[in-house]
Each structure stands twice: as C-alpha cells, then as structure tokens.
Amino acid sequence: MIKMTFANLVLGLILVAAVPALSQLTVTNNWDGGFEGDLCIPFDHVVNSWSAKVTFSQDVWSMECWDAVPHKVNNREYKLSNMDWDTHRNAGTKFCFHIVGRGSGTMRPSASVSLDGGSGGSSGGNNGGSVAGNPPDTHNTGGTGKNKDYGVALGKSILFYDAQRSGKLPDNNPISWRGDSALGDCVVGGWYDAGDHVKFGLPMASSAHLLLWGAIKFKDGYNKAGQMNMMYDSIKWATDYFSNAWNEGSQELVVQIGDGNADHAYWGRPEDMHMNRPCLKINRGTPGSDIAGETVAALAAGSILFKDKDAGYSNKLLSKAKSLYAFAKAHRGVFHGSAPFYGSSGDKDEMCNGGVWLYRATKDSQYLNDAKANADLGTAWALSWDDKRIACQTLLYEETKDGSYKGAMEAFFNSWLPGGGMTYTPCGLAWRDKWGANRYAGNAAFAALVAAEDGVMTDKLRPWAVQQINYLLGDNRHDGGCFSYEIGYGSKFPRHPHHRGASVSGQILQGALVGGPDQNDNYNDRQDDYVMNEVATDYNSGFQGALAGIVHLQNQNKFPSTTNKCPCN
C-alpha cells in the first residue's frame, strides 16, 4: 500500500494539470437557446473509418455539424461518425470542425470527446484551448472533388439565407451580427434580395422555388449532410412570407417592399434604416402573373416538402397556392412596377412551373394541362430569375416523359457544354455573363444534376456539373489557387462582399456565393465592385441545390470521375 503524503498529493495534482487536453470544444458564439463553436477530435493511431462520442456539460437538444454525421443518444450525448468520403485519419493528427447546438437558456457548454475503440479525450473548457477562430477546412485541398466537403458548403449556404432574413428574428438565429429589422413593413419577414434591403417578389420566389425543388429532389443529400432540419427552418422563412403576402379576400399579392433607388442610396445595416418602404401589390387591376406564378410554384412545392413534417402547414400552403393560381390565371400579364430592377420577359415559364407543382400536390390533371399549354420549347439562355424555360421543360418531362421536352432539355445542355458556343474561362468555368457568372454556372449545374437523375445525358452532365461546383469551391488559380467563391469555405475566400449588413469589419457573410470572375478568371475582392462581389438570394439557390445533388451522388455511390483544369493542390 502506498502512503499518500501531502507532498505526493501536490505533485500528483501538478502532473495531472500538466497533461494537455486531447480534445476541446471552443464556444465562439452563444445566444439564448443556442451556441456555435469548434470541436476537435485527436487521433493517436491511423484509422480508415471512425466514430466518436461527444458528452456535453449542458443539455443540447439538437446539434448540427458539416464535417461529420451526428446521431443523438440523449440531450447530453451524441455519436459522430465520418462522412463516406472522409474516412482516413493519420496518427498524431487532430480533426477540428464547426458545430451549432440548440437548447434552453444561456448555452456555453464544455464537452468531452472519446473515439469508439480508440483513444479518449478529456474535458473541454469554455474558452481556452488549441482551437481559436475558424479552423482551416482540411477537405478543400484537391482537384478530383472527392476531397471537397460539399456538405460543409451546403450548410454554409443555408447560413447565407439566415443572414438575409428580414423581420423579427427567432431565438435560434445563428447569425450573431443580425438583429430585428423592417418590423413596420406591410408584410413582415421574407428575405432581403441582395446586399440591399428591398424585398423583390420575383427573385425571392424564384430562389425559394429552386431551393425547394432541390430539397425535394435531393432530400437524402440534405439528410446525409445533417442539414435537413436547418433547411426546413430556413425555407419556412420564405414560405411564411409568401403565405402572408397573398390576401385571398382582397385578391392582392404584395410583390415588392422598398424602393430600389432610395435603398441603394443608403449604405448601412438593415437594423438602422429609416427610409420609406413602399408596398407594391398586384390585384385585379394590376397584373403580375409572372411573380404570382412563381410564388405558386414555391407555395405548392413547399406544401410537398412539409407534408410529412407538418400536415397542417402543408395544407395551408397548398390552399394559398391554389387560390393564388386561380387569380393569376384569370389576370395574366407581367408586373412592371419593379423596373428597372427585375423586369420580367414574360409569364409563361412561371405559370408553367406553378401548374406543374400544383399538379404534383393535387394530381388534378387540369394543372398539368395548363402547364403544357404554357410550355416554351425554345432553348433557354440560362436558368435565371427571369428565364425559367429549362425548369418548365424539365418538370414537364419528369411528369410526362414526352420526347419533345427531353429534346428541349438536351438542346439547352448542349449549348452549355464545351463545343456548344458557351464561353469558358481558362480554368473551366462556364461563363455566361459578367453579372453573376457564378450564379449562372451554379444554376446550370443544378439543372444538369436534376436532368441526369431523370436519365437525360447522365454520363455527360454529372461530371460537368460537379466540375462547375468544384471550380466555385477552389479549383481555380485566383490568389495562387484553392480560392473558394463561397464565403467561409476553405481558408481562402472573398472578404469584402458588396453587402451592407456584413460591411462592418469582422462580420463574415458565411455561405454567400459572390458574383465571380471575368472570362479570364480574373477577380477583384473589393466591396465597391458590385459586378464581381455582389451576393443575392438567387445566386445561391441553384448552387445550394447542386451541392445537395452532389452529396446525394456520394450517398448513392454515384460520384462521377472529374477532371478540373486547375485543381486545388
């Protein structure tokens, strides 16, 4: 038996204190009901797959992370496992990643981490440790795409939409530098369009429609990335707004809040703006079936997405969609009040989209017949907030398998693929236009992944779409290479987006996809360059859907072989 003297005890305490913490949670931000921080897992031996147990010091009701798959055991314990494409870890390395947790009251937990069947961790503190700030993205290092973490990029894109929220923000708001704004609007809520504070109905509806389409088509991608609950929370901000914007009794739809010219003359946070915010509406005397049709598409698609999660809310959205569609069908004509900002070239594509989604939600063949009557089989210039012909053609092909729609789809994609007349940058970005080049490439990539799922040009479109997203996430030569055009992804990304709310130093607009380079891969990271550094809700919409589509491919073991011209090494 060893006799424990006071000196032995003191020495033992000193030795214990000198042992470094093997893993640690560093809380970087917290609020009433939630926190975000960085969690590290150490590896003392080589692993080719792993799982770990995380034990919190406080109840954590839910946890989101982008680099691992979380499984809740109870409010204090979670299991984490590796992504399918991120399995190998070397001995002596530490894997650090970002998490968001939600619970009750003031959240600032510590955590312990232990590897299943491996080394243990020790208690993490609230503030100190080896992890500080934003840890480097260890996945964004190669050119094949297999070592990019599309799930991380997906989660960050959702955060961008959280940063665009207008109105009374919820307790679980994850953007610490955003607060309540525009509480006096005629319809409170919705998304600010871009780096400004106007709520434009056409691009908002178009953005929400593409996001909902992606969440329905590639739901397993969202689930695999651990982002489905965040997506429900994010997209509901838009569907709530559309539902409140349509007044069936007065037959009026609010289609814009704010004056573009007055708004663009003000450079400041939305929380501080005091200019007049006019409320523009369509009604029996002022048509706007372009905006109404796309809003119907978002409402009807929303009713499908929420059907299994919240049947009552789903039914509400469907009822709104049906009555708004009837109004739009009876009062055709494009809305001109937003000019010169978002003037539409026609309403047939939007009415087609609304008709197809209503058919999907109701199985009433009249809606499908209406959509067919509104279809334009011409070759679209791009998939954009205005030109949605490729969306209409694809949706109709999915419902009918009619070869005429397939032919129109093939013509569109052949015009985008190399050799079809599309301009390509030296590093391989399909460069449609200087205004939002990244946006058009991301939208086309989403459309391509949807078409590939439908059996249209699958072998060509899958690798092409992934290569476009790879370019956006780092397979380019800007700033020495490995530069991500999505803010917050990787270690090199835009720091000066043209965005009023995030213009204060230190406020990172996580997940925003900036406008992008010129046709020679040149890019300026300057706040006053609103061509290259603009951000907008429609910029991220197809891009986010494409990310979900790629995670879906990984989940289904269908990830294509890709060869980017400027791989990130």
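Residues numbered from 1 in each chain as written. Predicted model: local features only at pLDDT ≥ 70, side-chain atom pairs only at ≥ 80, totals over all residues. Heavy atoms only, no water.

Caption draft 1: Quick peek at the overall build of the chain. Helix and strand content of the chain: 15 helices and eleven strands. Looking at the chain residue by residue over its 569 residues, the buried ones come to 60%. Here the contacts in the chain between residues at least 6 apart in sequence split such that 72% fall between residues at least 24 apart. Split by element, the accessible area of the chain, about 20,900 Å² in all, is 49% carbon and sulfur. (Helix = DSSP H or I, 4+ residues; strand = E, 2+ residues; numbered from the N terminus. Buried < 20%, exposed > 50% of the residue type's maximum accessible area, 1.4 Å probe, protein only. Contact = heavy atoms within 4.5 Å. Areas by Shrake-Rupley, 256 points an atom, 1.4 Å probe, with all protein chains shown as cover.)

Caption draft 2: Structural detail: the sheet that holds strand β4 (residues 68-72). As summarised here, the arrangement of the four strands in space is β4-β5-β2-β7, forming an open sheet in which the pairing is antiparallel. In this open sheet, the two edge strands, each paired with only one partner strand, are β4 and β7 (111-115). Ignoring which end each strand starts from, the neighbouring axes of this sheet average 25° apart. Examined bridge by bridge, β4 and strand β5 (residues 77-82) share five bridges and lie antiparallel to one another. Opposite H71, over in β5, you have K79 as the bridge partner. (Pairing = 2+ DSSP bridges. Axes fitted to C-alpha atoms, helices over the stretch in contact; angles between N-to-C directions.)

Caption draft 3: A look at the packing of helix α3 (residues 201-217) against helix α5 (residues 228-245). Running from amino to carboxyl end, α3 crosses α5 at an angle of 145°, the nearest separation of the two axes being 11 Å. For the pair α3 and α5, the crossing hand works out as left-handed. Within the contact between the two elements, α3 uses M204, A205, A208, L211, L212 and A215 and α5 uses M228, M231, I235, A238, T239, Y241 and F242. Split into classes, the residues belonging to the contact of α3 with α5 amount to twelve nonpolar, one polar and no charged. (Left-handed = near helix turned anticlockwise from the far one by under 90°. Nonpolar A, V, L, I, M, F, W, Y, C, P; charged D, E, K, R; others polar.)

Caption draft 4: Up close: the pattern of salt bridges. The full count for this structure, using the stated rule, is 25 salt bridges. Measuring nitrogen to oxygen at the nearest pair gives 2.5 Å for the salt bridge that ties E398 to R360. Of this pair, E398 sits in helix α11 (residues 389-400) while R360 sits in helix α9 (residues 348-362), placing them 38 residues apart in sequence. The pair formed by E398 and R360 is uniform in burial state, with each residue classed as buried. (Salt bridge = Lys/Arg side-chain N within 4 Å of Asp/Glu carboxyl O.)

Caption draft 5: Here's a closer look at the state of the cysteines. In total, this model carries five disulfides according to the counting rule given. Across the disulfide, C186 is cross-linked to C279 (sulfur-sulfur distance 2.1 Å). Handedness here is read from the sign of the S-S torsion; for C186 and C279, about 80°, the answer is right-handed. Of this pair, C186 sits in the loop between α2 (150-163) and β8 (199-200) while C279 sits in strand β11 (residues 279-282), and the two are 93 residues apart along the sequence. (Disulfide = S-S within 2.5 Å.)

Caption draft 6: Seen up close, the pairing of β7. The two faces of β7 differ: A111, V113 and L115 on one face are buried, but S112 and S114 on the other face are not. Relative to β7, strand β2 (residues 51-56) runs antiparallel, the two sharing five bridges. By the bridge assignment, K53 is partnered in β7 with S114.

Caption draft 7: Focus on α9. Given a rise of 1.5 Å per residue, 15 residues ought to cover 21 Å, and the 21 Å separating the end C-alpha atoms of α9 matches this to within 8%. Summarising burial for α9: twelve of the 15 residues are buried, a large majority. Every buried residue belonging to α9 is among D349, E350, M351, C352, N353, G354, G355, V356, W357, L358, Y359 and R360, and all of these are buried. Those residues of α9 hidden inside the fold are in contact with α3, α7 (289-305), α8 (311-330), α10 (365-374) and α11. Positive phi appears at K363, one or two residues downstream of α9, with a value of about 65°. (Expected span 1.5 Å × (residues − 1).)

Caption draft 8: Representation of the environment of G354 within the structure. Mapped onto the fold, G354 is located in helix α9. Residue G354 is classed as buried on the basis of its relative accessible area of 0%.

Caption draft 9: The packing of aromatic side chains, seen in detail. In total, this model carries 27 aromatic pairs according to the counting rule given. With a centroid separation of 6.4 Å and an interplanar angle of 80°, the aromatic rings of W416 and W464 are classed as edge-to-face. Taken together, the residues W416 in helix α12 (residues 403-416) and W464 in helix α14 (residues 458-472) connect sequence positions 48 residues apart. The burial state of W416 is the same as that of W464; both residues are buried. Chaining the aromatic ring pairs together yields one cluster made of F43, W50, F95 and F97. A cation over an aromatic ring shows up here: R89 above the ring of F95, its NZ or CZ 3.9 Å from the ring centre. Geometry around W357 places R360 over its ring, the cationic atom sitting 4.7 Å from the centre. (Phe/Tyr/Trp six-rings, centres within 6.5 Å; stacked < 30°, edge-to-face > 60°. Lys NZ or Arg CZ within 6 Å of the ring centre and 35° of its normal.)

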